[in-house]
Amino acid sequence: MRKLINSTYLTLDGVIENPMWTSPYFAEEAAEVATEVTNGADALLMGRATYDGFSQAWPAMDENDPTTGAAFFNNVKKYVASTTLKDPSWRNTEVLEGDLVEAVAKLKEQDGGNIVQYGYGAVTAQLVTAGLVDEVKFWIHPVIVGAGSFSSVLSDVKATFELIDTRVFTNGVIVATYRPKATA
């Protein structure tokens, strides 16, 4: 069974939107962890907002430059959870039909590598609640941006996780990796 791995950049005040604040912190250590995530994956799962941002940014990047990650993002199989996207223009993209939880459960049952998901919003909340997220990597950046916190979309989500790995970068970024903890 494939694993669903969520990888989310956030600030000290819990902001995940418009992560331009990550750029000064994306050095060799971050590239190493990011490569580990993508090397184990053969699919990308996104909500509509992430798709809109990624589909505008990644195709404009040089796929021949291994430091950009563009070769992975532009060529990997992409699944989008959306009821409004009908004709995705980004190469190798499929819109999930029907119930999100059922569609993702079917994807996880298929043979293949991990499914990676970036960001933590309504799609992730549904999948955490359904028990379909196998691992969460929170990339905590030493930045406060003073905007809304991602927890507002999680007001009805109840979950407990156990820490399975921590990496601390020399620039102050902490990558805390968790997996859902079985509840009795």
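Scroll up a little and you will see the structure.
As the structure is a prediction and not an experimental result, all values here were calculated from the model. (Residues numbered from 1 in each chain as written. Predicted model: local features only at pLDDT ≥ 70, side-chain atom pairs only at ≥ 80, totals over all residues. Heavy atoms only, no water.)

Asker: An account of the overall build of the protein chain is requested, with residue identities and associated values reported.
Answerer: Within the protein chain, the secondary structure is distributed over five helices and eight strands. Mapped from its N terminus to its C terminus, the protein chain presents α and β elements in the order β-α-β-α-α-β-β-α-β-α-β-β-β. Along the first, second and third principal axes, the C-alpha atoms of the protein chain reach 50 × 40 × 30 Å. Burial analysis of the protein chain (184 residues in total) assigns 42% to the buried set. Within the protein chain, contacts between residues separated by at least 24 positions form 69% of all contacts whose residues are at least 6 apart in sequence. Counting every atom, the protein chain has about 9900 Å² of accessible surface; 52% of that belongs to carbon and sulfur. Charged side chains in the protein chain number 14 positive and 23 negative. The centres of these two groups are separated by 5 Å. (Helix = DSSP H or I, 4+ residues; strand = E, 2+ residues; numbered from the N terminus. Buried < 20%, exposed > 50% of the residue type's maximum accessible area, 1.4 Å probe, protein only. Contact = heavy atoms within 4.5 Å. Areas by Shrake-Rupley, 256 points an atom, 1.4 Å probe, with all protein chains shown as cover. Lys, Arg positive; Asp, Glu negative; His and termini not counted. Charge placed at Lys NZ, Arg CZ, Asp CG, Glu CD.)

Asker: Report on the nonpolar core, specifying residues and quantitative values.
Answerer: Proteins that are soluble and globular tend to have nonpolar side chains buried together. Judged by nonpolar contacts, the single largest core of 21 residues is most densely connected at Leu4, Leu45, Leu96, Leu100, Val104 and Leu127. Contributing elements (two or more residues each) for this core: strand S1 (4-11), strand S2 (41-47), strand S3 (77-81), helix H4 (100-109), helix H5 (122-129) and strand S6 (135-141). It is H4 that provides the largest number of residues to this core, a total of four residues. If we skip the residues at most four places from it in the chain, Leu127 touches Leu4, Leu45, Leu100, Val104, Gln117, Leu132 and Val133. In this structure, Val37, Ala41, Trp90 and Tyr118 belong to the second largest nonpolar core, which totals 17 residues. (Core = buried A, V, L, I, M, F, W, Y, C linked by side-chain atoms within 4.5 Å.)

Asker: Could you give an account of helix H2 (residues 48-57), with specific residues and numbers?
Answerer: Along H2, the residues that are buried comprise Tyr51, Phe54 and Ser55. Along the axis of H2, the buried residues cluster in a sector spanning 95 degrees; they form a single face. Among the exposed residues of H2, those oriented more than 90 degrees off its buried face are Ala49 and Gln56. The inward-facing, buried residues of H2 abut S2, helix H3 (70-75), S3, strand S4 (93-95) and strand S5 (114-118). (Arc of directions from axis to C-beta.)

Asker: Explain the packing of aromatic side chains residue by residue, including any values.
Answerer: Tallied over the entire structure, the rule returns eleven aromatic pairs. Taken together, a centroid distance of 6.3 Å and an interplanar angle of 80 degrees make the contact between Phe54 and Trp58 edge-to-face. On the basis of relative accessibility, which here comes to 14%, the residue Trp58 falls in the buried class. Look at Trp139 and Phe169: their rings are 6.2 Å apart centre to centre, the planes differ by 70 degrees, and that puts the pair in the edge-to-face class. Of this pair, Trp139 sits in strand S6 while Phe169 sits in the loop between strand S7 (161-168) and strand S8 (174-180), placing them 30 residues apart in sequence. Taking the relative accessible area as the measure of exposure, Trp139 reaches 2% and is therefore buried. Three or more aromatic residues joined by ring pairs make a cluster, and in this case those are Phe54, Trp58, Phe72, Phe73 and Tyr118. Just above the ring of Trp90 sits the side chain of Lys78; from NZ or CZ to the centre is 4.5 Å. (Phe/Tyr/Trp six-rings, centres within 6.5 Å; stacked < 30°, edge-to-face > 60°. Lys NZ or Arg CZ within 6 Å of the ring centre and 35° of its normal.)

Geometric values such as these leave the question of function open.
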